[in-house]
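# Examining the three-dimensional arrangement
Next come the chains, spelled out residue by residue.
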Amino acid sequence: MATEKSTDEIRRVAMALDNAIENKDPDAVIACFADDCEIELLRHSLVGKAGVKKWFSWLFKNIWQIKFQPVKIMAEGNTLFEEFIIRARLRSGSEVKSKQAEVLIFENDKIKSLRLYFDRLDFADTLTKDPVSKAVLSRIIKKSLEGLTD
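These lines cover the structure that appears in this document, whether it is placed above or below. (Residues numbered from 1 in each chain as written. Predicted model: local features only at pLDDT ≥ 70, side-chain atom pairs only at ≥ 80, totals over all residues. Heavy atoms only, no water.)

## Regarding the overall build of the protein
Broken down by element type, the protein carries 5 helices and 6 strands. In the protein, which comprises 150 residues, the proportion classed as buried is 35%. Sequence-distant contacts in the protein: of pairs separated by 6 or more residues, those separated by 24 or more amount to 46%. Side-chain charges in the protein split into 25 positive and 24 negative, and the spacing between the mean points of these groups amounts to 6 Å. (Helix = DSSP H or I, 4+ residues; strand = E, 2+ residues; numbered from the N terminus. Buried < 20%, exposed > 50% of the residue type's maximum accessible area, 1.4 Å probe, protein only. Contact = heavy atoms within 4.5 Å. Lys, Arg positive; Asp, Glu negative; His and termini not counted. Charge placed at Lys NZ, Arg CZ, Asp CG, Glu CD.)

Written out as structure tokens, the structure is:
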């Protein structure tokens, strides 16, 4: 059963995680998580500290620098919800802005569960290089917005 933490403690751990990511400090990121944690993103689950390491490695495979800009933070009991904007500089030199959301569940001063939600299309255009892929991506984006932008 999850130990409820004060909202101040939850916010402190969440801020420590953000700072560790911005500083590209894998040990500090891993220290924020419980041994049996789970990270869910892009329809995938990563489990335990090995999963945290894999997520961190994946995150910085293409991203050179990342900054978080909080939009809305809500904490209650052992749960924190945050809507935020990331501004990332990719290794290619391109910049990406992405609005994202996360749900963090805490247990014993550690993150037990992280669910991260974002639109992968925010990054696809920047990572797509060849003309055929760019045309396909453009068509997918246009098709997904039909009825909203007409």
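## Quick word on the pairing of strand E6 (residues 110–117)
Direction of pairing for strand E1 (residues 33–41) relative to E6: parallel, over a ladder of 5 bridges. Bridge assignment links Leu 41 to a residue of E6, and that residue is Leu 116. Two strands pair when backbone bridges link them, and strand E5 (residues 95–107) and E6 are joined in this way by 7 bridges, in the antiparallel orientation. Bridge pairing in E6 places Ile 105 opposite Ser 113. The antiparallel pairing of E5 with E6 creates a hairpin that spans 2 residues between the two strands, and Asn 108 there sits at a positive phi of about 55°. (Pairing = 2+ DSSP bridges.)

## A look at unusual backbone geometry
Trans is the prevailing form of peptide bonds, just as negative phi is the prevailing case for residues other than glycine. At Leu 42, a residue that is not glycine, the phi angle is positive and equals roughly 50°. Turning to its location among the elements, Leu 42 is positioned in the loop between E1 and strand E2 (44–47). You will see that Arg 43, though not glycine, has its phi angle at about 65°, which is positive. Note that Arg 43 resides in the loop between E1 and E2. Arg 43 gets classed as exposed once you look at its relative accessible area, which sits at 85%.

## Comments concerning the side chain of Ser 98
With respect to the helices and strands, the residue Ser 98 is situated in strand E5. Of note is the side chain of Ser 98, whose polar atom sits 3.2 Å from the side chain of Gln 100. Dropping the residues within four chain positions of it, Ser 98 is found in contact with Phe 84, Ile 85, Ile 86, Phe 118, Asp 122 and Phe 123. (Polar contact = N/O pair within 3.5 Å; in protein donor to acceptor, adjacent residues only side chain to side chain.)

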